[in-house]
Structure formats: C-alpha cells, structure tokens
Protein chains: 2
Amino acid sequence: MDEFSFINSIKQQTYKQSSVIKGVGDDAAVFRNTSQDTVTAVDTFVEEVHFSRGTMDPFHIGYRSLAANISDLAAMGSTPAFYLVSVVIPNNWSDEELIQLYKGMRHLASVHEMDLIGGDTVSGKEMSISITVIGFVNKGKARYRSSAKPDDILFVTGTLGDSQAGFYILNNPGSFREKEYYYAKHRMPEPRVAFAKELESLSRVALNDISDGIANEVNEISEASKVSITIYEEKLPISNSYNQFPPELQREWMLFGGEDFELVGTVSRAEWEYLKAIAEKTHTPLKEVGYVDFSKSNEHNVFGVNHYNKKKLLEKKGYTHME
Amino acid sequence: MDEFSFINSIKQQTYKQSSVIKGVGDDAAVFRNTSQDTVTAVDTFVEEVHFSRGTMDPFHIGYRSLAANISDLAAMGSTPAFYLVSVVIPNNWSDEELIQLYKGMRHLASVHEMDLIGGDTVSGKEMSISITVIGFVNKGKARYRSSAKPDDILFVTGTLGDSQAGFYILNNPGSFREKEYYYAKHRMPEPRVAFAKELESLSRVALNDISDGIANEVNEISEASKVSITIYEEKLPISNSYNQFPPELQREWMLFGGEDFELVGTVSRAEWEYLKAIAEKTHTPLKEVGYVDFSKSNEHNVFGVNHYNKKKLLEKKGYTHME
C-alpha cells in the first residue's frame with residue numbers, strides 16, 4: 001500500500017469536534033477555539049522498549065499509546081479533542097497490522113470524540129509511534145502538579161499495579177484468577193477523562209497521572225509544590241484478586257509500576273467531600289491515601305508508611321533508609 | 001546524562017510567546033490565544049532515511065528538521081509559535097551530539113521567536129526525531145492548496161534544486177563553485193515565514209511548500225483545487241551557478257528534488273502586482289512560472305512545457321508521454 005492509499009484509509013470522512021476548520025489533507029491542520037485554553041503533549045513509544053507484539057496485538061498497541069497521551073490531558077484537567085500520529089514503519093509490519101494499530105487508536109478516540117487531524121508515516125528499521133494530543137480546558141482551569149498545599153489530602157483514583165500484573169501474567173503463563181481483567185488493564189487502560197474534567201469546579205487541586213508509578217508521581221508533586229507528602233501503603237487501592245501475586249511484586253507494582261494511568265493528586269480538606277461527590281458522579285473509585293505535611297519546611301520529601309507503621313523516605317524509584 | 005538532567009539542559013528559562021501559560025514541566029503544556037486560529041502539523045525524520053551524520057552535523061539535523069516543520073506552517077500562511085520534540089535515542093548518539101541537535105533547533109526557533117513547550121526522549125535502536133509545530137493565523141486567513149482558480153498565475157519563491165545540489169556536492173567531492181552556498185541551502189534552509197504571513201492581506205491564494213519537488217506540490221494544488229495547471233520549465237528559478245551540475249540532474253532536482261522549502265502557489269491576475277509588492281517588502285525572490293488553465297474541465301492535470309515548447313503531462317514523480 002502506498003502512502004497515499006494508506007492516508008486515505010485512515011482519514012476521517014467527518015470530524016466530531018466543532019472547532020476543526022481543516023483536518024487531514026493540507027500542509028497542516030487548522031482549528032478554532034477562542035473560549036478555552038489549549039493543552040498539548042507528545043509521547044513516543046518504541047517497539048521492544050515500550051511495547052511488544054508478543055504481548056499485545058497492534059490494535060492494543062494503538063489503543064494503549066493513545067490512552068497514555070489522553071491520560072496526560074486528563075492530568076491537566078482538560079478534555080481531549082485532537083490527535084496527530086507519526087509512525088516509523090519497518091518492513092516487518094504488515095499493512096494489516098498498521099491498519100489495526102490505527103483502529104486501536106480510533107476506537108479509544110471515538111469514546112472521547114477525538115479527531116485525527118494530522119500525522120506522518122515514514123520508513124525505518126524500528127517501529128515507533130509518536131502521538132501528539134491536543135485538548136481544551138476552560139480559561140485558567142488547567143490543573144498543575146505545583147498546586148499542593150500543607151494539610152491537603154492525598155488521593156488516588158482506581159487501583160494500582162494492575163497493568164504490571166497483566167503484563168506479568170502474559171509473560172508467566174499459569175493459573176491466575178481474573179486473567180481477562182488484568183489483560184484489559186494492561187492493554188486497554190481507561191484514562192480518567194470524565195473525573196478530570198469535573199475538577200475544574202474545585203477551587204484548587206494538584207494533579208498528576210500515574211504513568212511511572214505513584215512513588216514517582218507524588219515525588220513530582222512534592223518537588224513542584226515544594227511540600228512534603230506522606231503516603232500510607234496500606235491505604236493504596238488494589239484489586240480484589242491482587243493478593244494472588246508474589247508479595248514482593250505486589251508492593252513493587254503498586255508503588256513503582258507504571259501505566260495504570262490513574263490520577264493522583266491533593267485537595268484541601270475543605271473540598272474533600274466535594275471531590276468525593278465528583279468521583280461518585282463520574283463513577284470513579286477514589287481513595288484517600290495520605291496527606292501533605294502540615295508544616296512548611298524547606299525540605300520537600302515523600303515518605304511512605306508501611307504496614308508496620310514504619311515511616312521511610314520514598315524516592316522516585318525506591319525507599320531510602322533514613323539515618 | 002539522565003533524562004531529568006537532559007530535560008533541564010534543553011528547558012527554556014523564559015518563553016517568548018505571550019500566549020504560553022505553562023511550558024515544559026507538567027504533564028502537558030498550556031497556551032491561550034483567543035483571537036486567532038491555531039495551525040498544527042507533525043513530521044518525523046529517521047537517521048539514514050531522511051538525514052545522515054555523514055553529510056550533516058547534529059546541529060544541522062536539528063535545524064533542518066525544524067525548518068521542514070516551520071515550512072508547513074508557512075504553507076498555511078500562519079506564524080510559528082511553538083514546537084514539541086520527541087527523539088528516539090540510540091546508544092551511538094553521544095550526549096554532546098544530542099545537545100547540538102537541540103541547539104540547531106533552538107537556533108532556528110529563536111529566529112522565529114518559537115518556544116519549545118514539550119517533548120519526549122526515549123531509548124531505541126534507530127535515531128528518529130518527531131517534531132510537532134503549532135502556529136497561529138488570523139481567523140479565516142489560513143491558506144489552502146484547494147484555493148486555485150482558472151486563469152490564476154502560478155508563482156514560486158526563491159530558487160529550486162539547491163538543496164539537492166548541496167547534497168550532491170557533499171556526496172561527490174570535487175571542484176564546484178559556491179559550495180558553501182549549496183551546503184547552506186541543504187543544511188540550513190530558510191522557510192518563507194515572513195512572506196507567508198503577509199499573504200493574509202490577499203483576498204485569495206493557493207499555497208503549498210516545496211518539500212517533495214515542485215511537480216509533486218503543483219499536482220497537489222491541482223487535485224485539491226480541481227483545476228489543471230501548466231508550468232513553464234524555462235521560467236523555473238535557479239541559482240546563478242546552477243548550470244555547473246550535470247544537465248539531467250539540474251532538471252531532476254528542479255522539478256522533483258525536495259527540501260528547498262520554497263513556496264509555490266497561485267494567485268489571481270488582479271492581485272499579482274500586490275503579491276509582487278509583498279515579495280519586495282519581505283525581500284523574497286518571486287517568479288511567475290505558469291498558470292491555471294482558463295477552462296473548467298473535468299480533468300485536473302499538471303502540464304510541463306519544456307525548452308523546446310513541448311507540453312507534456314507532468315505527474316508527481318515524472319513526465320508521462322501524452323497519447
């Protein structure tokens with residue numbers, strides 16, 4: 001299939017977003033949204049680094065790649081609108097696999113009424129997918145990781161570690177409960193778009209999506225907000241059958257496992273009840289899992305409290321023994 | 001160098017665009033422009049497919065990759081504002097080469113007051129660069145390839161074939177005049193931003209940038225506008241010392257050579273004088289090189305008239321004998 005036929009095969013006939021002026025088919029896309037702020041991010045995924053056809057179909061690879069990007073938009077409190085896709089295509093990818101890759105993206109895009117408005121397809125030796133997403137948020141309502149304040153409640157949506165658990169089952173065939181659930185959490189994660197969008201009604205909220213493990217993300221909030229944060233390990237939300245995995249892996253995935261694409265953030269105690277109402281309205285599991293330190297110190301650290309009530313310094317990739 | 005240090009090394013301390021609300025440093029960037037339309041495109045470049053360290057320094061690779069993207073914004077009549085860069089980095093690229101790559105982009109970005117507002121750096125086996133550019137254009141003033149009308153004048157900026165000539169000299173060392181000029185045209189092309197921006201004052205103009213050779217680009221205008229277009233080969237603009245290259249290559253590069261990043265378009269005869277004034281004001285070489293057919297036929301073709309006044313069908317990649 002030549003590039004022209006391929007572009008025609010993935011080109012949308014109609015666009016869902018009313019802000020589209022020109023989609024695919026000129027040197028660039030054009031859109032108009034004069035009432036909101038625009039949010040944009042890009043992420044790249046490389047075969048055998050970020051994904052493998054051994055554990056995911058091309059459809060899932062497309063779906064999950066776009067999900068990761070949409071999650072970045074959700075982490076800003078914005079609503080997804082557009083995506084642009086650049087793919088480096090090696091000889092060992094068939095036309096059918098490529099079409100499935102784009103179908104996986106389109107499937108998730110449809111859920112969020114996103115339009116594909118641009119992209120590029122080039123030849124290379126190694127498959128990689130680069131996705132740019134564009135979303136909108138009401139003026140001044142973007143949610144930053146720098147907004148945490150002393151005495152805030154630390155919250156997290158959904159459950160943690162499930163994506164890594166799914167990946168584990170795929171690589172370690174055996175007898176596991178709820179296999180399909182974990183596969184789906186790995187292959188087709190659902191970014192928390194509806195929940196994130198509602199957060200604009202809060203007066204303040206710090207927000208990150210969990211792409212690299214909660215320890216990493218909470219450290220980013222701590223650094224950006226210049227506060228210290230404490231996480232109670234025993235409060236971290238896990239799935240019902242999560243205890244079937246080796247205990248040391250459960251803990252590893254929960255704290256440092258990536259790609260659950262849940263949201264973590266902090267909110268004032270005054271607005272906690274209101275946040276719970278948003279979670280209920282958007283059918284989003286929500287849990288209080290820690291707090292921002294009361295005192296304004298010059299040190300900005302993240303601490304983890306384990307099941308034995310021991311408090312330790314929790315760095316991005318692991319615990320450091322104190323003293 | 002870890003990713004964190006690297007991001008810090010390329011992160012801008014200040015932003016030039018007043019529309020930036022949040023640049024690099026959160027899950028996504030945020031900007032606000034309530035008075036204009038937004039234009040966006042993405043292009044990906046793969047080592048040994050689109051560029052080689054054998055003929056370009058990392059600085060030039062960065063510069064030219066961004067130039068290609070800016071040219072897409074110019075081809076829409078828009079003004080560049082932002083770029084986001086995703087790089088797949090293999091082991092055989094040093095930290096210093098990477099820094100030079102970003103310096104090359106930053107150099108050109110500074111000329112156009114563009115800000116780097118996002119990106120990604122990932123590991124892989126094959127070097128590739130994916131750049132997303134975002135620009136602004138006054139409402140309804142984006143310039144499309146679909147706007148050509150019967151009896152328009154076909155115009156082109158600058159000179160054609162120089163980038164390919166530079167590439168030829170780099171690969172065929174020998175005695176050539178104006179080597180540095182051709183090297184620069186290959187390594188550091190200048191997208192026609194100032195000229196493109198002024199086109200909004202015309203009532204109508206069809207526009208494409210020449211990334212894949214003028215034959216290809218004029219065919220795109222012909223298809224999108226549903227008109228036939230005739231190009232006079234002998235009118236196509238070339239550099240003074242261009243005749244030093246093998247005659248068959250001169251013609252090949254001029255018609256089918258890519259990456260000059262000049263602009264080609266059509267304008268009504270009524271506004272031709274006004275277009276010439278814009279070219280003069282922005283110091284842009286401009287030449288009339290053909291016309292849109294007078295008649296509205298159902299056939300939409302591009303014809304080339306050669307030095308012997310022979311008219312032939314000029315397809316995207318070459319001539320087809322008529323009859």
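Residues numbered from 1 in each chain as written. Chains lettered and ligands numbered in written order. Predicted model: local features only at pLDDT ≥ 70, side-chain atom pairs only at ≥ 80, totals over all residues.

Asker: What exactly am I supposed to notice about the domain arrangement of chain A here?
Answerer: Interface extent is often summarised as the accessible area lost during association of the parts. All names here are of chain A. Structurally, chain A comprises domain 1 (17-138) and domain 2 (145-315). Averaged C-alpha coordinates put domain 1 and domain 2 at centres separated by 25 Å. Counting residues at the interface gives 17 residues for domain 1, matched by 19 residues for domain 2. Those elements giving two or more residues to the side of domain 1 that touches domain 2 turn out to be helix 2 (58-74) and strand 4 (79-89). A per-element tally of the side of domain 1 that touches domain 2 places helix 2 first, with 9 residues. (Domains from an automatic or database assignment. Contact = placed C-beta atoms within 7 Å. Helix = DSSP H or I, 4+ residues; strand = E, 2+ residues; numbered from the N terminus.)

Asker: Is there a simple way to explain the sheet that holds strand 14 (residues 318-320) of chain B in this structure?
Answerer: Adjacent strands of a sheet form backbone hydrogen bonds with each other and so pair up, either parallel or antiparallel. All names here are of chain B. Taken in spatial order, the 8 strands make up an open sheet running 8-10-7-11-9-12-13-14, and their pairing is mixed. For this open sheet the edge positions go to strand 8 (205-209) and strand 14, each flanked by a neighbour on one side alone. When the angles between neighbouring strand axes are averaged without regard to direction, this sheet yields 35 degrees. Seen against the sheet, helix 7 (residues 214-225) touches strand 7 (153-157), strand 8, strand 9 (229-232), strand 10 (263-267), strand 12 (302-305) and strand 13 (311-315) and runs at an angle of roughly 140 degrees to strand 8. (Pairing = 2+ DSSP bridges. Axes fitted to C-alpha atoms, helices over the stretch in contact; angles between N-to-C directions.)

Asker: It is not clear to me how the nonpolar core should be interpreted in this structure. Could you clarify?
Answerer: Within the largest apolar cluster, 174 residues are counted, with the highest numbers of intra-cluster contacts made by Leu66(A), Tyr83(A), Leu66(B) and Tyr83(B). Setting aside its immediate chain neighbours within four residues, Leu66(A) contacts Tyr83(A), Met105(A), Leu108(A), Ala109(A) and Ile131(A). (Core = buried A, V, L, I, M, F, W, Y, C linked by C-beta atoms within 7 Å. Buried ≥ 20, exposed ≤ 12 C-beta atoms within 10 Å, placed from the backbone.)

Asker: What's the story with the interface of chain B and chain A in this structure? I'm lost.
Answerer: The partner chain A presents 45 residues to the 46 residues of chain B that form the contact. Secondary-structure elements contributing two or more residues to the side of chain B that touches chain A are strand 1 (20-22), strand 2 (29-31), strand 3 (36-46), helix 2 (58-74), strand 4 (79-89), strand 5 (115-123), strand 6 (128-138) and strand 8 of chain B. Broken down by element, the side of chain B that touches chain A gets its largest block of residues, 9 residues, from strand 3 of chain B. Across the side of chain B that touches chain A, the residue classes break down as 19 nonpolar, 14 polar and 13 charged. Direction of pairing for strand 2 (residues 29-31) of chain A relative to strand 3 of chain B: antiparallel, over a ladder of 3 bridges. Bridging across to strand 3 of chain B, Val30(A) finds its partner in Val39(B). (Nonpolar A, V, L, I, M, F, W, Y, C, P; charged D, E, K, R; others polar.)

Asker: For this particular structure, what's the right way to read the packing of helix 4 (residues 162-171) of chain B against helix 5 (residues 179-187) of chain B?
Answerer: All names here are of chain B. Taken N-terminus to C-terminus, the directions of helix 4 and helix 5 make an angle of 115 degrees; their axes are 7 Å apart at the nearest point. One finds that helix 4 runs roughly perpendicular with respect to helix 5. For the pair helix 4 and helix 5, the crossing hand works out as left-handed. Across from Asp162, Ser163, Ala165, Gly166, Phe167, Ile169 and Leu170 in helix 4, the residues of helix 5 making contact are Lys179, Tyr182, Tyr183, Lys185 and His186. A breakdown of the residues in the contact of helix 4 with helix 5 according to their chemical character gives 6 nonpolar, 3 polar and 3 charged. (Parallel < 35°, antiparallel > 145°, perpendicular 65-115°, else oblique. Left-handed = near helix turned anticlockwise from the far one by under 90°.)

Asker: Which parts of the structure should I look at to understand the relation of the copies chain B and chain A?
Answerer: Relating one copy of the chain to the other takes a rotation about an axis and a shift parallel to that axis. Screw-axis analysis of chain B against chain A gives a translation of 0.0 Å along the axis, an RMSD of 0.0 Å, and a rotation angle of 180 degrees. What the superposition gives is, in effect, a two-fold axis relating one chain to the other. In terms of proximity to the rotation axis, the leading residue of chain B is Thr34(B), whose C-alpha is 2.1 Å off the axis. Most of the interface of chain B is mirrored in chain A, where 98% of its interface residues again form contacts. (Least-squares fit on C-alpha atoms with pLDDT ≥ 70 in both.)

Asker: Where do I start with helix 4 of chain B in this structure?
Answerer: A turn of α-helix holds 3.6 residues, and therefore any two residues three or four places apart point the same way. All names here are of chain B. Within helix 4, 7 of the 10 residues are buried, leaving the element largely enclosed by the surrounding structure. What helix 4 keeps buried is the set Asp162, Ser163, Gln164, Ala165, Gly166, Phe167 and Ile169. The inward-facing, buried residues of helix 4 abut helix 5 and helix 8 (247-256).

Asker: Is there a simple way to explain the sheet that holds strand 6 (residues 128-138) of chain A in this structure?
Answerer: Ordered by their spatial adjacency, 6 strands build an open sheet running 5(A)-4(A)-6(A)-3(A)-2(B)-1(B), and the pairing between neighbours is mixed. Two strands close off the open sheet at either side, each with one partner strand: strand 5 (115-123) of chain A together with strand 1 of chain B. Each strand of the sheet is rotated relative to its neighbour by a mean of 20 degrees, with strand direction disregarded. Sheet topology places strand 3 (residues 36-46) of chain A next to strand 6 of chain A; 11 bridges connect them, and they run antiparallel.

Asker: Help me understand unusual backbone geometry, please; the structure alone is not making it clear to me.
Answerer: Among all residues except glycine, the phi angle is most often negative; among peptide bonds, the trans geometry is most common. Residues and elements named next belong to chain B. Positive phi is not limited to glycine here, since Glu113 has a value of about 55 degrees. Residue placement: Glu113 occurs in the loop between helix 3 (95-111) and strand 5. Positive phi, normally seen in glycine, also occurs at Phe261, with a value near 55 degrees. Tracing the backbone through its elements, the reader meets Phe261 in the loop between helix 8 and strand 10. Look at Phe261 and you get buried, because 24 C-beta atoms sit within 10 Å.

Asker: Teacher, can you tell me more about the confidence of the model for chain A here?
Answerer: In low-pLDDT segments, the atomic positions of the prediction should not be examined closely. On average, residues of chain A score 95 in pLDDT, and 99% of them reach the 70 mark or higher. Quick note on the complex model: pTM equals 0.95, ipTM equals 0.95. (pLDDT = per-residue confidence, 0-100.)

Asker: What is the right way to look at helix 3 (residues 95-111) of chain A in this model?
Answerer: Residues and elements named next belong to chain A. Here helix 3 spans 25 Å end to end across 17 residues, near enough to the 24 Å set by a 1.5 Å rise per residue. Those residues of helix 3 that are buried lie in contact with helix 1 (3-10), helix 2, strand 4 and strand 5. One or two steps after helix 3, the chain reaches Glu113, where phi turns positive at roughly 55 degrees. (Expected span 1.5 Å × (residues − 1).)

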